[in-house]
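Results of the structural survey
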Amino acid sequence: MLGLNKRDTRFLLIVIALTMLTPFILQPFPEGSALAQFNAGYPDLMQRIAIFGIFAIGFNILFGLTGYLSFGHAAFLGVGSYAVVWMYKLLDYNVLPGLALAIVTSGLFALAIGYLSLRRSGIYFSILTLAFAQMSFNLAYSVLTPITNGETGLQVYTSDPQILLGENEPNIPHLFGLVMSDSYKLNLGGWVFTFNIGYYFTAVIAILVFYLSLRIFRSPFGLMLRAVKSNQTRLNYTGVNPRPYTLAAFVISGMYAGLAGGLLAAMDPLAGAERMQWTESGAVVIMTILGGAGTLMGPVLGAGFIKYLEKIFSKINENVLDGWFSFLPDPLREVVVWIFSRFTGEGWALTLGLMFMLVVIFLPGGLMEGGERIRNLIRRRKNGSGDDASPGRTPAE
Amino acid sequence: MGILEVKDVNKHFGGLHALRDVNLSIREGSIHAIIGPNGAGKSTLLNVLVGKLVPDTGSVMFDGQSVLGRKPHEINQMGISRVFQTPEIFGDLTVMENVLIPCFARRDGAFRLHAFETVETEAELIEQAERALVDVNMADKRHHHAASLSRGDKRRLEMAMCLVQKPRLLLLDEPTAGMARANTNRTIDLLRDIHARRDITMVIIEHDMHVVFSLAQRITVLAQGTPLVEDTPENIKGHPKVQEAYLGEAH
Ligand SMILES: Nc1ncnc2c1ncn2[C@@H]1O[C@H](COP(=O)(O)OP(=O)(O)OP(=O)(O)O)[C@@H](O)[C@H]1O
Ligand SMILES: [Mg+2]
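Let me sum up the structure you'll find in this document. (Residues numbered from 1 in each chain as written. Chains lettered and ligands numbered in written order. Predicted model: local features only at pLDDT ≥ 70, side-chain atom pairs only at ≥ 80, totals over all residues. Heavy atoms only, no water.)

Residue and element names in this part refer to chain B. Near ligand 1 you find 13 residues, and of these Asn-38, Lys-42, Ser-43, Thr-44 and Gln-85 are the closest. In the model, an oxygen atom of ligand 1 is placed 2.5 Å from a nitrogen or oxygen of the Thr-44 side chain. Here an oxygen atom of ligand 1 and a side-chain polar atom of Gln-85 are 2.8 Å apart. With the chains in place, 61% of the 640 Å² that ligand 1 exposes on its own is no longer accessible. Elements supplying a minimum of two residues to the shell around ligand 1: β2 (16-26) and α1 (42-49). At three residues, α1 tops the list of elements feeding residues into the shell around ligand 1. Here the shell around ligand 1 is composed, by residue class, of four nonpolar, seven polar and two charged. (Near = heavy atom within 4 Å. Polar contact = N/O pair within 3.5 Å; in protein donor to acceptor, adjacent residues only side chain to side chain. Areas by Shrake-Rupley, 256 points an atom, 1.4 Å probe, with all protein chains shown as cover. Helix = DSSP H or I, 4+ residues; strand = E, 2+ residues; numbered from the N terminus. Nonpolar A, V, L, I, M, F, W, Y, C, P; charged D, E, K, R; others polar.)

Shown next as structure tokens:
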């Protein structure tokens, strides 16, 4: 189906099902229960996970397949956001024209940066991308203020032209009248599930670009990209010029990033230069490696994981911990709460750092490798030995 | 005029004169061996031929066209393939994928954005790759990781990768080093067979005299960067200069 073999079709169907059911999956605990704070089925969070999933899927096409580690992909994220807000300002609040422009401009931007950066490989390539991204960040704050609105950030003013804005058109981001922030709440027993238009819009796009990445992984183009990572010398002496392949991968991943940036502005009609900062570029690197670089699902998993930590784990402050450990005698409780609070609440980044370290040291293939090891273990328990690779993994380890 | 004409090539590495006035003419369709002691400059000469090194002076013509100043992938597209002294293969990929890549390269040239096709459905190329693997007796290892192969197997894989490109000139840098005797003999048969079947010119660098005398029609002896003699295998065997410079020392 759709140019996929049976295994990949099944895999895609599972991904579609999981994405569509996310509002249920991330909401396992009934409202008002002690564990309800671990629920993550909020429109804002789900949408963010999908958006950063898209960002990471695209990043993985470059980093996972070719091994070229870009430290500047946030620049494209920022370009995408600006493009969408500009379309709000000039046309109207329909998100589609902006997203199209976001993909095109970030693609062109990636073409320029990629063309220059790909003259070097390894650490020099990484540093060049970082330098270009930081340059874009600084320009957005200074000379480019007419386009970016500098520190205030780009937003829509009532004085903007908005030439397509109709009489009764919503005054917030929408898709042909379907307002992104609209939600439908479903009360089922003690549970509350939220179905948000913005989330489903993002989710459909995420599935489309996931399918695209699946096709790239299975294509001769994808094979060439993996060959670049494996041995460029051999590729050269096989009559293939690696440069256009790496550049194509760079541009494609830049367009993914631009799309993700555009979707951020579809959630919230604002664009600021801070989105281009190196921390954002670093985040997508961590997401991809944490989940499993070079695997299909890994980057999405990594993105979900980090966004979950950032939003949910960070809410567990000392008060919450006090509540949890109230059964302990006083001095002991204080100690326990103090220790735990280093890792939760504002300390969530420490937990992430530790996890990242453990994964890099013990599971170089990321969480996906962890999952696979567990699967193999179970299979080996059941029968002799398992040798089949999971559908999410390419034959390259 | 040979298919490959090397004229007055010199190459220095700092103070080391690695290639010294090298003149070489390879006749189209022949198997030409280059022998010589370690450090004679044999691999350096091949590096010049495939665009890895640019000589200080001289010219290299392949089929009437200069190869100097061309990029390695362009030289390969002209019809020159090379098996390296230390195998250059795609270690992270499977044996089958390793052979498929040159198949795609041959069909598509230096670049084609085939992002929406599927490797699995390229039946014709897969069959080509399969045949090449059968040729080098590695079909049963098609799903192995290339990095996990033995040195001899890696070399046979690399040979399959070159042969599947149907090059006009095949350069082999010690193709049987690290191989078991049985596989060495198999490789000799394979190269002889391919040479008979296809109109392919081969340049072989080899230390194993059994291989050299089984295959070569012409032999050039290289010592200290200079060709000493070039002749038929029969004449080389008895040549006093060769005995002294190479065979005498090696045996
Ligand atoms: N890139 C390089 N830089 C500096 N010196 C080099 C380089 N390549 C080769 N040499 C030197 O040039 C000389 C010739 O080396 P080359 O590899 O061509 O020898 P060879 O005939 O292939 O020997 P072997 O039989 O050991 O493979 C050697 O002394 C080697 O150390
Ligand atoms: Mg050598």
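Having seen it, we continue.
For A:Phe176, which is not glycine, the phi torsion reads 45° and is therefore positive. Along the chain, A:Phe176 turns up in the loop between β2 (174-175) and β3 (178-179). Within the chain, B:Gln224 stands out as a residue other than glycine whose phi angle is a positive 50°. Position of B:Gln224 relative to the elements: it lies in the loop between β9 (218-223) and β10 (226-231).

Attention now moves to the coordination of the magnesium ion (ligand 2). Residue and element names in this part refer to chain B. The protein atoms that coordinate the magnesium ion (ligand 2) are Ser-43 (OG) and Gln-85 (OE1), at distances of 1.9 to 2.1 Å. In this pair, Ser-43 sits in helix α1 while Gln-85 sits in the loop between β6 (80-83) and α3 (95-108), placing the two residues 42 residues apart along the sequence. Assessed through its relative accessible area of 21%, Ser-43 is described here as partly exposed. (Donors = N, O, S within 2.8 Å, 3.2 Å for Na, K, Ca; no water. Buried < 20%, exposed > 50% of the residue type's maximum accessible area, 1.4 Å probe, protein only.)

Bringing the side chain of A:Ser117 into the picture now. Here A:Ser117 shows up in helix α5 (residues 95-117). A:Ser117 has contacts with A:Phe125, A:Leu128, A:Thr129 and A:Phe132, leaving out every residue within four places of it along the chain. (Contact = heavy atoms within 4.5 Å.)

Helical geometry: 3.6 residues make up each α-helical turn, so side chains three or four residues apart lie on a common side. In a regular helix each residue adds 1.5 Å, so 24 residues correspond to 34 Å; helix α3 (residues 43-66) of chain A covers 34 Å between its end C-alpha atoms and thus fits that length. Among the 24 residues that make up α3(A), 21 are buried, leaving the element largely enclosed by the rest of the structure. (Expected span 1.5 Å × (residues − 1).)

In this section: the pairing of β9(B). Residue and element names in this part refer to chain B. Counting buried positions along β9 yields five of six residues, so the element is predominantly enclosed. Sheet topology note: the strand β3 (residues 31-35)/β9 ladder contains four bridges and is parallel. Looking at β9, one finds that Ala-33 is bridged to Ile-219. In this sheet, β10 lies alongside β9 in antiparallel orientation, the contact comprising five bridges. Of the residues in β10, the one forming a bridge with Ile-219 is Asp-231. (Pairing = 2+ DSSP bridges.)

We now examine the packing of helix α12 (residues 278-291) of chain A against helix α13 (residues 298-311) of chain A. Residue and element names in this part refer to chain A. One can describe the packing of α12 onto α13 by two numbers: an axis separation of 7 Å at closest approach and a directional angle of 115°. The element α12 and its partner α13 pack so that their crossing is right-handed. Contact residues: Ala-283, Ile-286, Met-287, Thr-288, Leu-290 and Gly-291 in α12; Gly-298, Pro-299, Gly-302, Ala-303, Phe-305, Ile-306 and Lys-307 in α13. Here the contact of α12 with α13 is built from residues that sort into eight nonpolar, four polar and one charged. (Axes fitted to C-alpha atoms, helices over the stretch in contact; angles between N-to-C directions. Left-handed = near helix turned anticlockwise from the far one by under 90°.)

Considering all chains together, one arrives at 21 aromatic pairs over all chains under this definition. Relative to A:Phe250, the ring of A:Phe125 has its centre 6.0 Å away and its plane inclined at 85°; by these criteria the two rings are edge-to-face. Here the residue A:Phe125 occupies a position in helix α6 (residues 122-141), and A:Phe250 occupies one in helix α11 (residues 242-267), the gap between them amounting to 125 residues. Like A:Phe125, the residue A:Phe250 is buried in the burial classification. Measuring from centroid to centroid gives 5.2 Å for A:Phe137 and A:Tyr141, while their planes differ by 75°, and the two rings are edge-to-face. Pair noted here: A:Phe137 and A:Tyr141 are both in helix α6, with a separation of four residues, about one helical turn. The partly exposed category is assigned to A:Tyr141, whose relative accessible area is 30%. An aromatic cluster of at least three residues, connected via ring pairs, comprises A:Phe24, A:Tyr184, A:Phe193, A:Phe195, A:Tyr199 and A:Tyr200. Between A:Lys307 and the ring centre of A:Phe52, over which it is positioned, the NZ or CZ distance is 3.9 Å. If you follow B:Lys237 out to its NZ or CZ, it ends over the ring of B:Phe213, 4.7 Å from the centre. (Phe/Tyr/Trp six-rings, centres within 6.5 Å; stacked < 30°, edge-to-face > 60°. Lys NZ or Arg CZ within 6 Å of the ring centre and 35° of its normal.)

None of the figures reported here should be taken as evidence of function without further support.
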